[in-house]
Amino acid sequence: MSELTSYPTVREAEFYEKLSNGAVRCGLCERRCEIPKGSKGVCGTRVNINGKLYTLVYGDVSAIESRPIEIKPFFHYWPGSTALTFSTWSCNLDCVWCQNFHLSKVKPEPAKAIYYPPEKVVELAIYNGDEGLCASFQEPTLLSEWAIPLFKTGKARGVKYCCYVSNGYMTLDVLKELHAAGMDGIKIDIKGDNEVYKKYCGGADVEKIWRNAREAKKLGMHVEIVNLVVTNVNDDENTLQWVIDRHLKEVGPETPLHFTRYFPAYKFNNPPTKAETLEKAYKMAKKAGVLYPYIGNRKHFWA
Ligand code: SF4
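Reading guide: rules and limits
- Residues numbered from 1 in each chain as written.
- Predicted model: local features only at pLDDT ≥ 70, side-chain atom pairs only at ≥ 80, totals over all residues.
- Heavy atoms only, no water.
- Helix = DSSP H or I, 4+ residues; strand = E, 2+ residues; numbered from the N terminus.
- Rg over C-alpha atoms; globule rule 2.2 N^0.38 Å.
- Buried < 20%, exposed > 50% of the residue type's maximum accessible area, 1.4 Å probe, protein only.
- Contact = heavy atoms within 4.5 Å.
- Pairing = 2+ DSSP bridges.
- Domains from an automatic or database assignment.
- Salt bridge = Lys/Arg side-chain N within 4 Å of Asp/Glu carboxyl O.
- Polar contact = N/O pair within 3.5 Å; in protein donor to acceptor, adjacent residues only side chain to side chain.
- Nonpolar A, V, L, I, M, F, W, Y, C, P; charged D, E, K, R; others polar.
- Core = buried A, V, L, I, M, F, W, Y, C linked by side-chain atoms within 4.5 Å.
- Phe/Tyr/Trp six-rings, centres within 6.5 Å; stacked < 30°, edge-to-face > 60°.

1. Things to note about the overall build of the protein chain
- Counting secondary structure elements, the protein chain contains eight helices and 14 strands.
- Taking 19 Å as the expected radius of gyration for a compact globule of 303 residues, we find that the protein chain reaches 19 Å, a close match to that expectation.
- Counting only C-alpha atoms, the protein chain reaches 55 × 45 × 35 Å along its principal axes.
- When burial is assessed residue by residue, the protein chain has 56% of its 303 residues classed as buried.
- Sequence-distant contacts in the protein chain: of pairs separated by 6 or more residues, those separated by 24 or more amount to 71%.

2. Quick notes on the sheet that holds strand E6 (residues 52–55)
- Strand order in this open sheet of three strands is E1-E6-E5, and the pairing throughout is antiparallel. On the outer flanks of this sheet lie strand E1 (11–12) and strand E5 (46–49), each paired with one strand and no other.
- Summarising the sheet, E1 and E6 pair through two bridges and their orientation is antiparallel. Along E6, the bridge assignment pairs Glu 12 with Tyr 54.

3. Thoughts on the domain arrangement of the protein chain
- On domain assignment, one finds that the protein chain holds domain 1 (2–55) and domain 2 (63–296).
- The straight-line distance from the C-alpha centre of domain 1 to that of domain 2 is 25 Å.
- Contacts between domain 1 and domain 2 engage 21 residues on the former and 28 residues on the latter.
- Connecting domain 1 to domain 2 are two salt bridges.
- Of the charged contacts, one joins Arg 211 and Glu 30 as a salt bridge, the two residues approaching to 3.0 Å between their closest N and O atoms.
- For the pair domain 1 and domain 2, the interface holds 13 residue pairs in polar contact (both at pLDDT 80 or more).
- Across the side of domain 1 that touches domain 2, the residue classes break down as ten nonpolar, five polar and six charged.

4. What to know about the nonpolar core
- Judged by nonpolar contacts, the single largest core of 76 residues is most densely connected at Phe 86, Trp 97, Leu 133, Phe 151 and Ile 186.
- Mapping this core onto the domain boundaries places at least three of its residues in each of domain 1 (2–55) and domain 2 (63–296).
- Counting residues in each nonpolar core, the second largest holds eight residues, with Ile 69, Ala 83, Tyr 161 and Val 165 among its members.

5. Details of the pattern of salt bridges
- Applying the stated rule across the entire model yields 21 salt bridges.
- The partner of Arg 46 in a salt bridge is Glu 145, and the shortest N-O contact between them spans 2.5 Å. With Arg 46 in strand E5 and Glu 145 in helix H3 (residues 144–156), this residue pair connects regions lying 99 residues apart in the sequence.
- Among the residues examined, Arg 46 registers a relative accessible area of 1% and is labelled buried.
- A salt bridge links Arg 246 to Glu 250, with the shortest nitrogen-to-oxygen separation between them at 2.8 Å. With a gap of four residues between them, Arg 246 and Glu 250 both fall in helix H7 (residues 237–251), about one helical turn apart. Each of the two residues, Arg 246 as well as Glu 250, counts as buried.
- Each of Glu 207, Arg 214, Arg 246, Lys 249 and Glu 250 takes part in salt bridges that share partners, so that together they form one network.

6. Notes on the packing of aromatic side chains
- Counted by the stated rule, this structure contains 13 aromatic pairs.
- Between Trp 97 and Tyr 200 the ring centres are 5.4 Å apart and the planes differ by 40 degrees, which places this aromatic pair in the tilted class. Taken together, the residues span a long stretch of sequence, with Trp 97 in the loop between strand E8 (82–87) and helix H1 (101–104) and Tyr 200 in helix H5 (residues 194–200) at a distance of 103 residues.
- You can call Trp 97 buried: its relative accessible area is 2%.
- With relative accessibility at 15%, the residue Tyr 200 sits in the buried group.
- Measuring from ring centre to ring centre gives 5.8 Å for Phe 101 and Tyr 266, while their planes differ by 25 degrees; the resulting arrangement is stacked.

What follows is the structure in structure tokens.
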């Protein structure tokens, strides 16, 4: 396993603590995996080699291209611009309907990785005329050790904005370091209450996600919330109202709230979200006082 450290995409992780017996605790996301020597964390991107935690995805870019910022969706953040958008592999959640499973369900293979130095990505953005840098497609938290120098370099070279399209499950330390490095926008998914996360996403504490949304606002970041409305999972009035009420309480009426359409994918075959369900959610949000509710993803696209 120690030969792994010879690959450029394998670097010592930044967010972890050493425990007894050579085990470590990862501090990148709120799963906070305790990882014995020779083992990986739940996401498969962090490995304990001889008592040190390593990331296997430092600059291991799985997809990269210029994309309009509205596709993320960000509707109130640099409208009309494009962001150089990129991803790596895997995810720290395991949602059975994952709409980007072709990237999020693939584990990293350092021997096959193509390493992108942060400077190269910034050069590419400048060459393309992109105004921003955006980590998206799968969960960007897993790229954070690399995104931090990338965002710093980008801002120093005149890139106007840096953002994450995220499930919002990073630790607060990571959120703060990303912000300090230049991240000024975050789109956060809210999939439903804790029961939805437990039953369909491999577990997560939604309170930590709301905390991050709230803290991102406090830090002065631009925040937009997305609720993927999944047929017969979180499309009932009680769950929609819960999302709307928490949105108002945690991030306020001026924060955009997107209700996006789900399509069958990965392991889940419930039918696509009905248009009338999305319209109902929109009207409920308007009535409750959300100033900028939106309906998204009426057609199937990869964002
Ligand atoms: S990033 Fe999250 S899921 Fe992955 S090893 Fe760290 S705590 Fe576990």
